[in-house]
Amino acid sequence: MSSKPRQPVQAAATTFRIIETLHELNGAGVSELADELEMPKSTVHDHLQTLNEAEYLVKRDGGYHVGARFLELGGFARSQMKLYQIATPEIEKLAEETGEHANLMIEEHGKGIFLNKAKGRDAVNLDTHIGKRVHLHTTALGKAILSKRSEAFVDEIIDRHGLPRVTEKTLTDADELKSQLAEIRERGYAIDDEERVAGMRCVAAPICDSDETPLGAISVSGPTNRFNDETFRTEIPKTVLSTANVIEVNMTYS
């Protein structure tokens, strides 16, 4: 992760704060946004107008919303990633074989980003969508990625983002996290037992290059009633590890 700029451009930082807050609020008017950000209405209004004229925001229902132009940028960035291109057909096969959610995640700036997902015939509805950013410690995917990184890297992420609780079962102790990461390195896969979404379990495996540097991770997630102990601890891990191996081989020789 890169260090902060010595002289950050305040106007640019304000613009991105506004965009991110609009996203979190699912749209807002000038007054609501100014109150949320504790900024003058005139400043917020000027930024909103500029973003609207540049077609990055849209105005509807009396407020401003993040526009679809961001989809163009994100879609292009994703399409250029070799991991996305190679893993996508395998993710789709994984969803079809298990009948559940199959996911592909990468790490950027210490957060996990859902790069792709496929939904099997029995998959339940979840809040995950392509591009969604989550704390790495809350997901099997994130822990799979962290298991392949140095302790210094893990410490840096904890210092930067903390270990916030998302559900009652979220892992929030740094030492316990590091202990789990050691276990993941030993067995080759990570698990998430209702740690980000109550009622859901997940099994993930890292995808690495020839130097064992993590490129991302894949997973299968399903409800606890279907992911019983045998399925959760034996069947799904074998399937996920096999798929990860196929992706790694294809990444190496494509």
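Each chain carries its own residue numbering, running from 1 in the direction its sequence is written. The model is predicted, so local features are restricted to residues of pLDDT at least 70 and side-chain atom pairs to those at 80 or more, both for listing and for counting; the totals for chains, interfaces and linings are taken over all residues. Water and hydrogen atoms were dropped before computing side-chain values, which therefore reflect all heavy atoms in the structure.

**Thoughts on the sheet that holds strand β4 (residues 111-119)**
Within a beta sheet, neighbouring strands are joined by backbone hydrogen bonds and run either parallel or antiparallel to one another. As a reminder, the rule being used: We call two strands paired when DSSP finds no fewer than two bridges between them. Only DSSP runs of H or I with at least four residues qualify as helices, and only runs of E with at least two residues qualify as strands; both kinds are numbered from the N terminus onward. Convention adopted: a line fitted to C-alpha atoms gives each axis, helices being fitted over their contacting stretch, and angles between N-to-C directions are expressed from 0 to 180 degrees. Here, two residues are considered to be in contact whenever any of their heavy atoms come within 4.5 Å of each other.
Strand order in the open sheet formed by 6 strands is β5-β4-β3-β8-β7-β6, with antiparallel pairing between adjacent strands. Every interior strand has two partners, whereas the edge strands, β5 (133-135) and β6 (190-193), have only one. Going across the sheet, the axis of each strand differs from the next one's by a mean of 30°, ignoring polarity. Where strand β3 (residues 101-108) and strand β8 (residues 214-223) come together, 5 bridges link them in antiparallel fashion. Following the sheet pairing, N103 is matched in β8 by S219. Along the sheet, helix α9 (residues 229-253) contacts β6, β7 (200-208) and β8; its crossing angle with β7, the most-contacted strand, is approximately 25°.

**Section: the layout of surface pockets**
Here is the rule we go by: Grid points spaced at 1 Å and placed over the protein atoms alone form the basis of the search, with a cavity being a set where a 1.4 Å probe fits but cannot get out and a pocket an open set showing protein on both sides within 12 Å along at least five of seven lines. Lining residues have an atom within 4 Å of a point. Grid points are joined across faces, edges and corners, and a volume is the space filled by probe spheres set on the points. Under the grouping applied here, Gly and all other residues not named as nonpolar or charged are polar, the nonpolar ones being Ala, Val, Leu, Ile, Met, Phe, Trp, Tyr, Cys and Pro and the charged ones Asp, Glu, Lys and Arg.
Taken as a whole, the largest pocket encloses approximately 1900 Å³ of empty space. In terms of lining, the largest pocket is formed by 47 residues, of which the most central are E20, H23, G131, K132 and R133. Where the lining of the largest pocket is concerned, the elements lending two or more residues are α1 (10-25), β2 (63-66), α4 (69-79), β3, β4, β5 and α7 (151-161). Top contributing element to the lining of the largest pocket by residue count: α1, with 8 residues. Residues of the lining of the largest pocket, tallied by class, amount to 18 nonpolar, 16 polar and 13 charged.

**Let's talk about helix α5 (residues 82-98)**
Basically, it comes down to this: Each helix should span, by expectation, one fewer than its residue count multiplied by 1.5 Å. What we call the bend at a residue is the angle made by axes fitted to the seven residues finishing there and the seven residues starting there.
With 17 residues, α5 should reach 24 Å at 1.5 Å per residue; the first-to-last C-alpha distance of 25 Å fits that figure. Of all the bends in α5, the largest measures some 40° and sits at T88, one to four residues before the proline P89. If you follow the buried residues of α5, they end up packed against α4, β3, β4, β7, β8 and α9.

**Things to note about the UniProt feature "domain: IclR-ED" (unreviewed entry) in the protein**
What counts is decided by this rule: UniProt positions are given in the numbering used here, feature names are shortened, and annotations may be inferred rather than shown by experiment.
Per the UniProt record, "domain: IclR-ED" (unreviewed entry) is annotated on residues 69-253. A helix fraction of 46% and a strand fraction of 23% characterise residues 69-253, whose end C-alpha atoms lie 35 Å from each other.

**A few points about helix α2 (residues 30-37)**
For clarity, the threshold we go by: Exposure is judged per residue with a 1.4 Å probe applied to protein chains only, and the accessible area is read against the type maximum: over 50% gives exposed, under 20% gives buried, and values in between give partly exposed. The directions considered for the arc run from the helix axis to the C-beta atoms.
Looking only at α2, the buried set comprises L33, A34 and L37. Down the axis of α2, the buried side of the element spans an arc of 100°, and every buried residue falls inside it. Of the surrounding elements, those touching the buried residues of α2 are α1 and α3 (41-53). Note on α2: the residue one or two positions beyond its end, E38, has a positive phi of about 55°.

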